[in-house]
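# Observations on the three-dimensional arrangement
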Amino acid sequence: MKPGLSLRVSQNLALTPQLQQSIRLLQLSTLELSQEVEQMLDENPFLEVANEDAPSEEFGVASVDAAPEYDAHAADEAQYSISDSAGAAGADGQKDQDASASENDLPSDWEGDGSVDMAFEDSEWGGDALPRGTRDDDDAPTALELAGTHESLTDFLLQQSLSLRLSELDRYALRFLIENLNDDGYLEDSLEELALGLAGPSDLEQLEELVHRFTVALGLLQSLEPVGVGARGLSECLRLQLQHLRHQGGDTDLIDMALQLCAQPLELLARRDVRKLMQACGLPEAKVRAALGAIARLEPKPGRRFVNVERNVVVPDVIVKKVARRGADGMAQFSVQLNPDVMPRLRVHDIYAGALRSHKGSEGHAGLQQRLQEARWFIKNVQQRFDTILRVSKAIVDRQKNFFVHGELAMRPLVLRDIADELGLHESTISRVTTAKYMSTPHGTYELKYFFGSGLGTETGGNASSTAVRALIKQFVSAESTKKPLSDSQIAEMLKEQGIECARRTVAKYREALKIAPANLRKAL
C-alpha cells in the first residue's frame, strides 16, 4: 500500500481543567467543599480567606509599588495587632503599655467611676483570666468534655464486677468474656472457641480448665445489669429476661407460657404466627397473644442504650423563609437565600499578586503565574457553584410553593427535566446540584432531591406526586385502628377514593420506603 497524506475535519469536546474543577465542586457536599477549600489554602499561596476587617484587595494591589508608605502603614497595623495579642496573652510589661495607650485615647472630660481596684467581673474578659468555675488543674475536664463523656457497656459491666468477691482467675475470666461482647451485649463466640484461642488444641487439660472457668464466669456475667447481657442468641436473651421477671415476682403462668413460646422457632415469633404457635405449644389463642405481648415488651438488644451513636448535624445550604407580603395571586411569598455560614470567603492574596506583577520575567515566574490563575479559577468556580445552587433552589420553591404553604400533602410531581428546561441547564447538572445539598424550610430541613418525585395518574386526568401519596399513606396508617390495621389493598382502595390510581404493589413499595410494618405486625396483641 502506497503511503500518503490526508486531511480530515472532525469535532470533539474537551473538558478544560477549569470546567473539570467546576463540575467536581458542584457535586461536593458542604463538608467536602470545606475540606477542598482547606486543601487549596494549604497548597496555593495566592489564595487566602477574605477578612472583612482587612484592607480591600484593590487598595493592596494599587499600593504594592509604593513600598515606603504602604510598608509603614502595614508596620503600624502589625505593631497594633501584636500589642493587642500580647496584652491578651498576659505579659505584665506589655499590659502596662496597653493600659497607658488606652488611657491616652480616652476623652478629656471622662473622669471614671472613682475606683482604682480591679473588680471581679473585670478579669472575666481578660486573655489571662480563667472562666468561672474552673480550677487550676490542667487535667480537670471542661463542661464540654463532661457533656461528651459516654459510658460503654464494657465499662459498665467492669464497674459492676468490682463488687463481686472473685478469685484472681475468675476475675480475669469474667473480664475476658466482657471484652468479647458485641455492641448489642451478645457473646457471639462459644466458650470452646474462646478457650481454644487461648490454650490451643494441643493442651487438652488446660482447654478443659478454661472452659470450666468461662462457664462459671458466664453465669456471673448473665447475673449483671442490663438483664440479658452475655446471651449467645436471641432466644437465650429473652429467656434470661423472663427468668429475671419471675424472680422479681411477675405473673408466673404468663412467664411460663412466654418461655414456652421462646423455645419455638424465632421465625414464628417474628411473623406473629399465632395459629402455628397454638399448635406447637397447645395453648389457646388468648394465652398465646398474651404471651406474645409479654415478649414484645422485652429488650432484644441489652447493650442498645450503651452504643455511642454518632449524631450528624445537617447544615442547610439554602434557607427559605416566609415573608409578610403576599403576591398578586394572593399566595404567600418566600425568600430564598444562601446560608452565609457555608459560603467560604476567599480572595486572591493581593500582596503576592502585586509582587508577582512587579517581577515579570524572573525565574519561576511562569509557574507562579499558573498558581495565580488557578486561585482565580477556584474562586470563580466556588462562586458559580453557589449561584447554580441558588438558581435551582429558587426554581424548586416556585414549582413547589404549595408544599411550603400546606406541607408534603400538597407536593406536586416534579422531575429533573422540568428544572433543567426552565434554567437552560443539563439534567446531569441538576442532579449534581440536588445531591447532598439541603434546604431549610418552615416544615424542616430536606435534601433538594426530596422535592422531586414521579407522578401518579388521577381520575381527573392530572398527576399526583409520589411524595404526596407517601404522606397520605402515612396519614392513613397513623389514623388506623390497632385492632384492625389497614392492609395494602385497603390502602389502595382508600387512595382510589381520593382519586389517585395506585396499585397494591405500589402501596407496598411506598410503605416499605416509609419503614411501616405490614398489617399483621401492626396489629395489637
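Residues numbered from 1 in each chain as written. Predicted model: local features only at pLDDT ≥ 70, side-chain atom pairs only at ≥ 80, totals over all residues. Heavy atoms only, no water.

Once that is clear, we can look at the overall build of the protein. Across its full length, the protein carries 24 helices and eight strands. A burial count over the protein gives 33% of its 525 residues as buried. Intrachain contacts of the protein at a sequence separation of at least 6 include 61% that bridge at least 24 residues. Within the structure as shown, the protein displays about 33600 Å² of accessible surface, and the carbon and sulfur contribution to it stands at 51%. (Helix = DSSP H or I, 4+ residues; strand = E, 2+ residues; numbered from the N terminus. Buried < 20%, exposed > 50% of the residue type's maximum accessible area, 1.4 Å probe, protein only. Contact = heavy atoms within 4.5 Å. Areas by Shrake-Rupley, 256 points an atom, 1.4 Å probe, with all protein chains shown as cover.)

Side chains of residues three or four places apart in an α-helix project in the same direction, reflecting 3.6 residues per turn. Over its 14 residues, helix 2 (residues 30-43) runs 20 Å from end to end, which matches the ideal 20 Å to within 8%, given 1.5 Å per residue. Considering only its buried residues, helix 2 is in contact with helix 1 (17-26), strand 1 (47-49), strand 4 (346-348) and helix 17 (365-399). (Expected span 1.5 Å × (residues − 1).)

Turning our eyes to something else, we now look at the pairing of strand 5 (residues 438-441). Of the two faces of strand 5, only one is covered, namely that formed by M439 and T441; the face formed by Y438 and S440 stays uncovered. Across four bridges, strand 5 lies against strand 6 (residues 444-447) in antiparallel orientation. By the bridge assignment, S440 is partnered in strand 6 with T445. (Pairing = 2+ DSSP bridges.)

Two numbers describe a pair of aromatic rings. These are the distance of the centres and the angle of the planes. Enumeration over the complete set of coordinates arrives at 11 aromatic pairs. The interplanar angle of 65° and the centroid separation of 6.1 Å between the aromatic rings of F403 and Y450 together place this pair among those described as edge-to-face. Placement of F403 in helix 18 (residues 401-406) and of Y450 in the loop between strand 6 and strand 7 (455-457) is noted, with a sequence separation of 47 residues between them. Of the residues examined, Y450 reaches a relative accessible area of 23% and is grouped as partly exposed. With 5.3 Å between their ring centres and 85° between their planes, F403 and F451 make a pair best called edge-to-face. Here F451 lies in the loop between strand 6 and strand 7 and F403 lies in helix 18, a separation of 48 residues in the sequence. An identical accessibility class is assigned to F403 and F451; each is buried. Taken together through their ring pairs, the aromatic side chains of F334, F403, F404, Y446, Y450 and F451 make up a single cluster. (Phe/Tyr/Trp six-rings, centres within 6.5 Å; stacked < 30°, edge-to-face > 60°.)

Attention shifts here to the packing of helix 17 against helix 20 (residues 427-434). Following both chains from N to C, one finds helix 17 and helix 20 inclined at 95°, their axes separated by 10 Å at the closest point. The orientation of helix 17 relative to helix 20 falls into the category roughly perpendicular. Taken together, the residues of helix 20 that come into contact with helix 17 (itself represented by T388, I389 and V392) are T429, I430, V433 and T434. Taken together, the residues of the contact of helix 17 with helix 20 sort by class into four nonpolar, three polar and no charged. (Axes fitted to C-alpha atoms, helices over the stretch in contact; angles between N-to-C directions. Parallel < 35°, antiparallel > 145°, perpendicular 65-115°, else oblique. Nonpolar A, V, L, I, M, F, W, Y, C, P; charged D, E, K, R; others polar.)

On the surface, E188, D189, E192 and E193 cluster together into a negatively charged patch. In this fold, E193 is placed in helix 9 (residues 191-199). For E193, a relative accessible area of 47% puts it in the partly exposed group. (Patch = residues over 30% accessible without salt bridge, like charges linked within 9 Å, V, L, I, M, F, W, Y side chains within 5 Å. Salt bridge = Lys/Arg side-chain N within 4 Å of Asp/Glu carboxyl O. Lys, Arg positive; Asp, Glu negative; His and termini not counted. Charge placed at Lys NZ, Arg CZ, Asp CG, Glu CD.)

So, about the pattern of salt bridges. One pass over the structure, following the stated rule, counts 16 salt bridges. Between E285 and R289 there is a salt bridge, with the nearest N and O atoms lying 3.1 Å from each other. With E285 and R289 both in helix 15 (residues 285-296) and four residues apart, the pair spans about one turn of that helix. Judged by relative accessible area, which is 40%, E285 ranks as partly exposed.

Before going further, it helps to spend a moment on the side chain of D488. Tracing the backbone through its elements, the reader meets D488 in helix 22 (residues 488-497). The exposure class of D488 is buried, given its relative accessible area of 15%.

For the peptide bond that leads from E225 to P226, omega is -5°, which places it in the cis range. One can find P226 in the loop between helix 10 (204-221) and helix 11 (234-247). Positive phi is not limited to glycine here, since A436 has a value of about 60°.

With respect to the secondary-structure elements, T388 resides in helix 17. At a separation of 2.8 Å, a polar atom in the side chain of T388 contacts the main-chain carbonyl oxygen of Q384. Every residue in contact with T388, bar those within four places of it in the chain, is listed here: L26, L425, T429 and V433. (Polar contact = N/O pair within 3.5 Å; in protein donor to acceptor, adjacent residues only side chain to side chain.)

Right, let's talk about the packing of helix 2 against helix 17 for a bit. Between two packed helices, both the angle of their axes relative to each other and the distance between the axes serve to describe the pair. For the pair helix 2 and helix 17, the least separation of the axes is 11 Å and the interaxial angle reads 165°. On the basis of the axis angle, helix 2 is roughly antiparallel to helix 17. The way helix 2 lies across helix 17 gives a crossing that is left-handed. In this structure, helix 2 contributes T30, L33, E36, V37, M40 and E43 to the contact, and helix 17 contributes R371, F378, R385 and F386. (Left-handed = near helix turned anticlockwise from the far one by under 90°.)

So, about the environment of S163. Relative to the helices and strands, S163 resides in the loop between helix 7 (153-161) and helix 8 (168-179). Accessibility expressed as a relative area gives 60% for S163, which makes it exposed. At 2.7 Å, the side chain of S163 and the backbone oxygen of Q160 are in polar contact.

Among all positions of helix 22, only D488, I491, A492 and L495 are buried. Down the axis of helix 22, the smallest arc covering the buried residues is 100°, so these residues share one side. At its buried positions, helix 22 is contacted by helix 21 (466-478) and helix 23 (504-513). (Arc of directions from axis to C-beta.)

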